[in-house]
There are 2 protein chains.
Amino acid sequence: MVGGEEAFQAYLGRRGLKKTRQRDAIVREFVKARRHITAEDLHRTVARRHPAIGLVTVYRTLRLLEGAGLAKERRFGKTESCYEPVLGVGHHDHLICTACGGIFEFENVEIEGLQDRVASQHGFLIQDHKLEMYGICRECRKRGERRRR
Amino acid sequence: MVGGEEAFQAYLGRRGLKKTRQRDAIVREFVKARRHITAEDLHRTVARRHPAIGLVTVYRTLRLLEGAGLAKERRFGKTESCYEPVLGVGHHDHLICTACGGIFEFENVEIEGLQDRVASQHGFLIQDHKLEMYGICRECRKRGERRRR
DNA sequence: AGATATATTGAAAACGACTTTCACCTTCAC
DNA sequence: GTGAAGGTGAAAGTCGTTTTCAATATATCT
Ligand SMILES: [Mn+2]
Ligand SMILES: [Mn+2]
Ligand SMILES: [Zn+2]
Ligand SMILES: [Zn+2]
């Protein structure tokens, strides 16, 4: 997410919103964070340096980042959402390991093309799509083999 | 969902569970219902004839149906789950209209084949997948055009 | 710098979709 | 029938997230 912080401040300015210490800290950590971070995890990280910042403000800032087009919310399991940076990261879909929770990303132009075809066959104007595959990742399969012996 | 009721009773018997008036009523309505029904909607329907049946029991029965392999839970939006019959309905994916909430189903063997290829390229053993496309359906597009004039 | 208007904050309460608990009630094998 | 095992609805609890609100920070204007 190159230039995320500047883009965010531009967004705030444009909307008559204010730059605050809390937002700075949260956005900085979000940009540094590994992908697919939950609000709770981001809050934990931010709170190391800024213990007074509340989880609420993290949620609010994530929503702003989303509005600015800088973060994308993802909902994999049935529980928590996680968020990932958008800038500098192209569209992609996900492979999710049901054993270790690991998330792997992929892009497949052929699939996307076929999706478009299906959509237009149905007269649909596509805005977004989500392709998730759930299964056992390579590592967890190895681990399973080992255990079975 | 052909023979859903009998399959359900067989499942109950197999697991030492009991056949009850409530379960009968709920399963009957579920089988009759249109696809993609929420627990709340199913409860409303059931409650017309059986006002004493609680939403809790609907949830519990849906979970049983799922365990019996007769219902599949789907989570489209970010809020409620909905459930659809499994028997007599092959695997399919969904087009969801963000304007009217309509849900359209499709199957595409080519896409599924490519998915398998992507998965095996990553060493993944696939258990399940979900492909959802969000956009504006044909009807809503027409309605939009009309409005714009 | 000081005053002012407006936005932002954290704590606590509310929310929505479920799930669990619990005291009473059915079901069903004997 | 009887009794053990399972099922029931109401109410309370859970979990992630959002809303409310009084106090506070920020940007803008003098
Ligand atoms: Mn990703
Ligand atoms: Mn369907
Ligand atoms: Zn794994
Ligand atoms: Zn529509």
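Residues numbered from 1 in each chain as written. Chains lettered and ligands numbered in written order. Predicted model: local features only at pLDDT ≥ 70, side-chain atom pairs only at ≥ 80, totals over all residues. Heavy atoms only, no water.

A. Representation of the coordination of the zinc ion (ligand 4). Residues and elements named next belong to chain B. Within the protein, Cys-97 (SG), Cys-100 (SG), Cys-137 (SG) and Cys-140 (SG) serve as the donor atoms for the zinc ion (ligand 4), at 2.2 to 2.4 Å. Around the zinc ion (ligand 4), the four donor atoms are arranged such that angles at the metal cover 103 to 119 degrees; this shape is classified as tetrahedral. Read from N- to C-terminus, the donor residues coordinating the zinc ion (ligand 4) fall into the pattern C-x2-C-x36-C-x2-C. (Donors = N, O, S within 2.8 Å, 3.2 Å for Na, K, Ca; no water. Tetrahedral: all angles 85-135°; square planar, octahedral: opposite > 155°, others 65-115°.)

B. Geometry of the domain arrangement of chain A. Residue and element names in this part refer to chain A. Each assigned domain of chain A is listed here: domain 1 (4-85) and domain 2 (93-148). Just the C-alpha atoms count here: the centres of domain 1 and domain 2 sit 26 Å apart. Taken together, the contact between domain 1 and domain 2 spans seven residues of the former and seven residues of the latter. For the pair domain 1 and domain 2, the summed buried surface comes to about 620 Å²; carbon and sulfur atoms form 48% of the total. In terms of surface lost to domain 2, no three residues of domain 1 exceed His-36, Arg-74 and Phe-76, which account for 68% of the buried area on that side. The interface formed by domain 1 and domain 2 holds two salt bridges in total. (Domains from an automatic or database assignment. Contact = heavy atoms within 4.5 Å. Buried area = accessible area lost by both parts, 1.4 Å probe. Salt bridge = Lys/Arg side-chain N within 4 Å of Asp/Glu carboxyl O.)

C. The arrangement of the environment of A:Glu110 in detail. The topology assignment puts A:Glu110 in helix H5 (residues 109-121). Taking the C-alpha atoms as reference points, A:Glu110 and A:Thr79, separated by 31 residues in sequence, lie 31 Å from one another. Those residues within four positions of A:Glu110 in sequence are excluded, and the remaining contacts are B:Leu114 and B:Arg117. (Helix = DSSP H or I, 4+ residues; strand = E, 2+ residues; numbered from the N terminus.)

D. The arrangement of the packing of aromatic side chains in detail. Inspection of every chain in the model, using the stated rule, returns two aromatic pairs over all chains. Here A:Phe104 and B:Phe124 contribute two aromatic rings whose centre-to-centre distance is 5.5 Å and whose plane-to-plane angle is 75 degrees, an arrangement assigned as edge-to-face. Taken as a pair, A:Phe104 in strand E5 (residues 103-106) and B:Phe124 in the loop between helix H5 (109-121) and strand E6 (125-136) lie in two separate chains rather than in one. Residue B:Phe124 is classed as buried on the basis of its relative accessible area, which comes to 5%. (Phe/Tyr/Trp six-rings, centres within 6.5 Å; stacked < 30°, edge-to-face > 60°. Buried < 20%, exposed > 50% of the residue type's maximum accessible area, 1.4 Å probe, protein only.)

E. Summary view of the packing of helix H2 (residues 21-32) of chain B against helix H3 (residues 39-49) of chain B. Residue and element names in this part refer to chain B. Contact pair H2 / H3: the axes reach a minimum separation of 10 Å and the direction vectors enclose 120 degrees. If you check the angle between H2 and H3, you find them oblique. Crossing of H2 against H3: the hand is right-handed. Residues Ala-25, Ile-26, Glu-29 and Phe-30 of H2 form the contact with H3, whose own contacting residues are Leu-42, Thr-45, Val-46 and Arg-49. Looking at the contact of H2 with H3 residue by residue, the class counts come to five nonpolar, one polar and two charged. (Axes fitted to C-alpha atoms, helices over the stretch in contact; angles between N-to-C directions. Parallel < 35°, antiparallel > 145°, perpendicular 65-115°, else oblique. Left-handed = near helix turned anticlockwise from the far one by under 90°. Nonpolar A, V, L, I, M, F, W, Y, C, P; charged D, E, K, R; others polar.)

F. Representation of the coordination of the manganese ion (ligand 1) in the model. All names here are of chain A. Distances from the manganese ion (ligand 1) to its protein donors, namely His-36 (NE2), Glu-84 (OE), His-92 (NE2), His-94 (NE2) and Glu-105 (OE), fall within the range 2.2 to 2.3 Å. For the manganese ion (ligand 1), all donor residues lie on one chain, and their spacing in sequence is H-x47-E-x7-H-x1-H-x10-E. Here His-36, found in the loop between helix H2 (21-32) and strand E1 (37-38), pairs with His-92, found in the loop between strand E3 (82-85) and strand E4 (93-97); they are 56 residues apart in sequence, far enough to count as distant. Both residues of the pair, His-36 and His-92, count as buried.

G. Representation of the protein's contact with DNA strand D. Near DNA strand D there are 21 residues, and of these A:Tyr59, A:Arg63, B:Lys18, B:Arg23 and B:Thr57 occur at the shortest range. Taking the atoms of DNA strand D that fall within 4 Å of the protein, sugar and phosphate contribute 76% of them. Within the backbone of A:Ser81, one N or O atom sits 2.9 Å away from a phosphate oxygen of DNA strand D. Within the side chain of B:Thr20, an N or O atom sits 2.7 Å from a phosphate oxygen of DNA strand D. Of all elements in the fold, only helix H4 (55-67) of chain A together with H2 and helix H4 (55-67) of chain B reach the threshold of two or more residues within the surface near DNA strand D. It is H4(A) that provides the largest number of residues to the surface near DNA strand D, a total of four residues. (Near = heavy atom within 4 Å. Polar contact = N/O pair within 3.5 Å; in protein donor to acceptor, adjacent residues only side chain to side chain.)

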